[in-house]
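# Fold and geometry: a report
Chain residues, written in single-letter form:
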Amino acid sequence: MEMTKRVLILGGGYAGVEAALTLSKKKKKENIEITLIDRNNYHTLLTELHEVAGNRISEDGIIVSFDRIFKYTDVNYIKDEITEYDFQNKVLKSEKNSYNYDYLVLAMGSKPNYYGIEGLDDHAFTLWSYNDAIKIRDHIIDCFDNARQETNPDERRKLLTFVVAGAGFTGVEMIGELGIWVKKLCKEYGFQRDDVRLMVVDLLPRVLNVLSEKNSKKTHDYLEKKLKVEVLLNSNISDVDENGFMASTGYIPCKTLIWACGVCAVDDVSKLGVETIQGRRIAVDEYCRTAHEGVYAV
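Structure report, in brief. (Residues numbered from 1 in each chain as written. Predicted model: local features only at pLDDT ≥ 70, side-chain atom pairs only at ≥ 80, totals over all residues. Heavy atoms only, no water.)

## Focus on the overall build of the chain
Quick reminder of the rule: Runs of H or I in DSSP of at least four residues are treated as helices and runs of E of at least two as strands, each being numbered from the N terminus. For every residue, the accessible area (1.4 Å probe, protein chains only) is compared with the maximum for its type, and the residue is labelled buried under 20%, exposed over 50%, or partly exposed between those bounds. Areas reported here follow the Shrake-Rupley algorithm with a probe of radius 1.4 Å; residue values treat only the protein chains shown as occluding. In this charge count, Lys and Arg are treated as positive and Asp and Glu as negative; neither His nor the chain ends contribute. Every charge is mapped to an atom, namely NZ of Lys, CZ of Arg, CG of Asp or CD of Glu.
Within the chain, the regular secondary structure consists of eight helices and 22 strands. Projected onto its principal axes, the C-alpha coordinates of the chain cover approximately 75 × 40 × 35 Å. Per-residue burial over the chain gives 46% buried out of 298 residues. Element-wise, carbon and sulfur atoms account for 46% of the exposed surface of the chain, whose accessible area totals about 16500 Å². Within the chain, the 46 negative side-chain charges are centred at a point lying 6 Å from the centre of the 39 positive side-chain charges.

## A word on the pairing of strand β15 (residues 238-241)
Inclusion rule: Note on pairing: DSSP must find at least two bridges between two strands before they are called paired.
With two bridges connecting them, β15 and strand β16 (residues 244-247) associate as antiparallel partners. Opposite Asp 241, over in β16, you have Gly 244 as the bridge partner.

## Let's talk about the sheet that holds β15
Let me state the cut-off plainly: Lines fitted to the C-alpha atoms define the axes, with helices restricted to the stretch that makes contact. Angles between their N-to-C directions range from 0 to 180 degrees.
Read across the open sheet, the three strands follow the order β15-β16-β17; overall the sheet is antiparallel. Of all the strands in the sheet, the pair left with one neighbour each is β15 and β17 (250-253). Shown here is a sheet whose adjacent strand axes are inclined to one another by a mean of 20°, direction ignored. Pairing of β16 with β17 involves four bridges; the strand directions are antiparallel. Counterpart to Met 246 in the pairing with β17 is Tyr 251.

## Comments concerning the sheet that holds strand β7 (residues 91-93)
Spatially, β6-β7-β8 is the arrangement adopted by the three strands of the open sheet, whose pairing is antiparallel. Strands with a single pairing partner mark the edges of an open sheet, and in this sheet they are β6 (84-86) and β8 (98-100). Averaged over all pairs of adjacent strands, the angle between their axes in this sheet comes to 15°, without regard to strand direction. Relative to β8, β7 runs antiparallel, the two being bridged by three bridges. If you follow Val 91 over to β8, its bridge partner there is Asn 100.

## A look at the state of the cysteines
Defined as follows: For this text, the term disulfide refers to a pair of cysteine sulfurs within 2.5 Å.
Inspection of the entire model under this criterion finds zero disulfides. Unpaired in this structure, Cys 186 has its nearest cysteine sulfur neighbour in Cys 143, at a distance of 13 Å. Cys 264 takes part in no disulfide bond, and the closest cysteine sulfur, belonging to Cys 261, lies 13 Å away. Judged by its relative accessible area of 10%, Cys 264 falls in the buried class.

## Re the environment of Glu 59
Threshold: Throughout, a contact is declared for two residues whenever any of their heavy atoms are within 4.5 Å. Pairing of N or O atoms within 3.5 Å defines a polar contact, subject to two protein rules: one partner must be a possible hydrogen donor and the other a possible acceptor, and residues neighboring in sequence count only if both atoms are side-chain atoms.
Position of Glu 59 among the secondary structure elements: in the loop between α2 (49-53) and β4 (63-65). For the pair formed by Glu 59 and Asp 145, sequence separation is 86 residues and the distance between their alpha carbons is 21 Å. Aside from chain neighbours lying at most four places away, what touches Glu 59 is Val 52, Tyr 130, Ile 134 and Arg 137. At 2.7 Å, the side chain of Glu 59 forms a polar contact with the side chain of Arg 137.

## Observations concerning the pattern of salt bridges
Quick note on the threshold: Think of a salt bridge as a Lys or Arg side-chain nitrogen and an Asp or Glu carboxyl oxygen that are within 4 Å of each other.
Applying the stated criterion across every chain, the model contains 15 salt bridges. Between Asp 145 and Arg 148 there is a salt bridge, with its nearest N and O atoms 2.8 Å apart. Here Arg 148 and Asp 145 lie together in helix α5 (residues 130-149), a separation of three residues that amounts to about one turn. The class for Asp 145 is partly exposed, based on a relative accessible area of 25%. Look at the salt bridges and you will find they share partners, linking Glu 59, Arg 137 and Asp 138 into a network.

Keep in mind that these numbers describe shape and distance, not what the molecule does.
This is the structure:
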């Protein structure tokens, strides 16, 4: 009788979940045991984070439990955090457990890329997790609440200035949500729309640069004319502190800078001893194989 092959999938993001579900469908043909390991017990809908950050939906709307996802499959789910990778002996270890495998799929995900910019890590918000979205939403409410009680006009202006760095899909979606939400917040807290400054900043020459010029311009016009968003292009960001940052036009005072300028692989990639390329991505061949036997990366 053919021995059962143990397939271990590390990471429960889009790639890890899709790998588990796809392999599960093959179980009728192949004798495999599929186990997915993640530090959380839920999958986060990363493409919907801006809707929570902009208070359109509740935080419950962006998470799906692994129990629900794998309910009608034979995929085993384990909540754990891997701390040691032994590819030679085909075993992963956490603080308390060891997991042997025949095939390993690394689907560990990514994190915001700060590109070495001074002060970003300490003073900017990111939009790349469930907790990030909640933190941004609650912070924006606090800014309006504090601005209502602030007597110094310069401090009030900083509290009511919201900047999104990055005019890709994440950044445009985020500033779009803010553009809609601030109308309601202004009524609730007694401000005029002109009291609030919304801005999106990008190093590239146009918003949504991956789209056609026509669609990019349509988005640009909508942001400026409909949502009253300042669009600052061809501008880098530097020297971020608790009161603002430097841009091509000079120092911009603000209490809210949301960083949406790209991602890199998670820190754990540095523990793997594998070849990496731009953005700390793991180097793979045409079949997503790494240099280690039986180890794939997605």
